[in-house]
Amino acid sequence: MKYSLLAYKYFIDVVETQGFTPAAKRNFVSQTAISNAIKNLEDELGAQLIDRSTSHFKVTVAGNNLYNCAVPVLKNYYEFNEKISQLNNSFQTLRIHYLHGFDYWTVKLADSLTKNNPSLKVQLDTENFSTSIPKLDTGDYDVLIGFSTAVSKIKNIHVRKVGTASFGILLNQNSFDSNGRLKKNILKKHPLFLQRWSATDNNDVQTKIKNTLEKMHISYEEIDYLDSFDSALSNVVLNHGMAIYPEELSLPKIYDSRVTFLPELPKLKYDVVAIYKNPTISNILERSLSKD
């Protein structure tokens, strides 16, 4: 097979959801990513799969034939992939990916896993939120570390708590006057930096942060979305704005005199979880986490 199975999954989702946009939402990717994948698949197969000449969504004859063939093949592939990983009810290598900024909890989990499973090898890598679930779904890796709120409505996955993140608002020391009072008029001219997450419920930490700031009468010019906590910290150090930041992450000592957390902000705690499809992983996580 010359083309990635992910493209076939995208095609199946386009057919089942009757459009590129709903398929993109199902896979947490852009509509352009779905459209390009289908176009590349059509070029690879030498056949038109979706009729784009009409305003109504329509699958061609070739597309219907491919759909009927692809659904059982991918289903069997996922079942095969799961059974392979369950041989001897164990993993030789556990591939753990984590969203940007979740390295603290990922390393902590990896230490526990290798300590309690001496024969287990752990491979770590970062993952973009937009492609994380589709790649987990197709077996590109085994475990994703992120927030439970970000996947609360996704079916056929398992979630296991691995830690807790306590969020605060990080500020530059120049945001306070000589008496330690917050310069609200200065802050409202700067942005609030948030991570580029796409949580699926209205109870996510970023929404709560915004609501809490509003109740504290702290305004900001706009919201800027970033890919990592490191980039948020860098902007705060440069006094470009304020940022959401987990208090569990150790701030570099060189920044001790330049940044601080907003005082009197109510603690906002959220579960950090391991997200996975293979139920066998539950046993591995349980053996490790229950001993910590």
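Please refer to the structure higher up on the page.
Overview of the structure. Just so it is clear, the structure is predicted and the values come from calculations on it, not from any experiment.

1. Digging into the pattern of salt bridges
Argument step 1. One pass over the structure, following the stated rule, counts 10 salt bridges.
Argument step 2. One salt bridge connects R52 with E42, and the closest N-O pair in it is separated by 3.1 Å. Linking R52 in the loop between α3 (31-45) and α4 (61-85) with E42 in helix α3, this pair joins segments that are 10 residues apart in sequence.
Argument step 3. With relative accessibility at 39%, the residue R52 sits in the partly exposed group.
Argument step 4. Among the ionic pairs, K135 bridges to E127, the shortest N-O distance being 3.1 Å.
Argument step 5. Each of K9, D13, D137 and K277 takes part in a single network of salt bridges with overlapping partners.

2. A closer look at helix α1 (residues 5-17)
Argument step 1. With 13 residues, α1 extends 18 Å between its outermost C-alpha atoms, agreeing within 8% with the 18 Å of an ideal straight helix rising 1.5 Å per residue.
Argument step 2. Counting buried positions over the 13 residues of α1 gives 10, a clear majority of the element.
Argument step 3. Within α1 the residues assigned to the buried category are L6, A7, Y8, K9, Y10, F11, I12, D13, V14 and V15.
Argument step 4. Positive backbone phi, approximately 60 degrees, marks Q18, located one or two places after α1.

3. As for the packing of α1 against α3
Packed helices, taken two at a time, are described by the angle between their axes plus the distance between the axes.
Argument step 1. Orientation of α1 relative to α3, taken along the N-to-C sense of each, is 110 degrees, at an axis distance of 9 Å. As the angle between them shows, α1 and α3 are arranged roughly perpendicular. Here the hand of the crossing between α1 and α3 comes out left-handed. Here α1 contributes A7, Y8, Y10, F11 and V14 to the contact with α3, which in turn contributes I34, A37, I38, L41 and L45.

4. Digging into the environment of S53
Argument step 1. Considering the arrangement of structural elements, one finds S53 in the loop between α3 and α4.
Argument step 2. A polar atom in the side chain of S53 sits 2.5 Å from the side chain of D51.

5. Description of the packing of α1 against helix α2 (residues 20-27)
Argument step 1. Packing of α1 against α2 leaves a shortest axis separation of 8 Å and a crossing angle of 125 degrees. Taken as axis vectors, α1 and α2 run oblique relative to one another. Note on packing geometry: the crossing formed by α1 with α2 is right-handed. The segment α1 lies against α2, with K9, Y10, D13, V14, E16 and T17 engaging F20, P22, A23, R26 and N27.
Argument step 2. Of the residues assigned to the contact of α1 with α2, the class counts are five nonpolar, two polar and four charged.

6. Observations concerning the nonpolar core
Argument step 1. Counting residues in hydrophobic clusters, the biggest one holds 59 residues, and the most contacted among them are I145 and I169.
Argument step 2. Among the elements that line this core, the one with the most residues is strand β9 (residues 268-276), at seven residues.
Argument step 3. The contact partners of I169, leaving out residues within four places of it in the chain, are L192, I209, L213, M242, A243, I244, T260, F261, L262 and L265.
Argument step 4. L6, A23, I38 and A70 belong to the second largest nonpolar core, which has 22 residues in total.

Analysis parameters
- Residues numbered from 1 in each chain as written.
- Predicted model: local features only at pLDDT ≥ 70, side-chain atom pairs only at ≥ 80, totals over all residues.
- Heavy atoms only, no water.
- Salt bridge = Lys/Arg side-chain N within 4 Å of Asp/Glu carboxyl O.
- Helix = DSSP H or I, 4+ residues; strand = E, 2+ residues; numbered from the N terminus.
- Buried < 20%, exposed > 50% of the residue type's maximum accessible area, 1.4 Å probe, protein only.
- Expected span 1.5 Å × (residues − 1).
- Axes fitted to C-alpha atoms, helices over the stretch in contact; angles between N-to-C directions.
- Parallel < 35°, antiparallel > 145°, perpendicular 65-115°, else oblique.
- Left-handed = near helix turned anticlockwise from the far one by under 90°.
- Contact = heavy atoms within 4.5 Å.
- Polar contact = N/O pair within 3.5 Å; in protein donor to acceptor, adjacent residues only side chain to side chain.
- Nonpolar A, V, L, I, M, F, W, Y, C, P; charged D, E, K, R; others polar.
- Core = buried A, V, L, I, M, F, W, Y, C linked by side-chain atoms within 4.5 Å.

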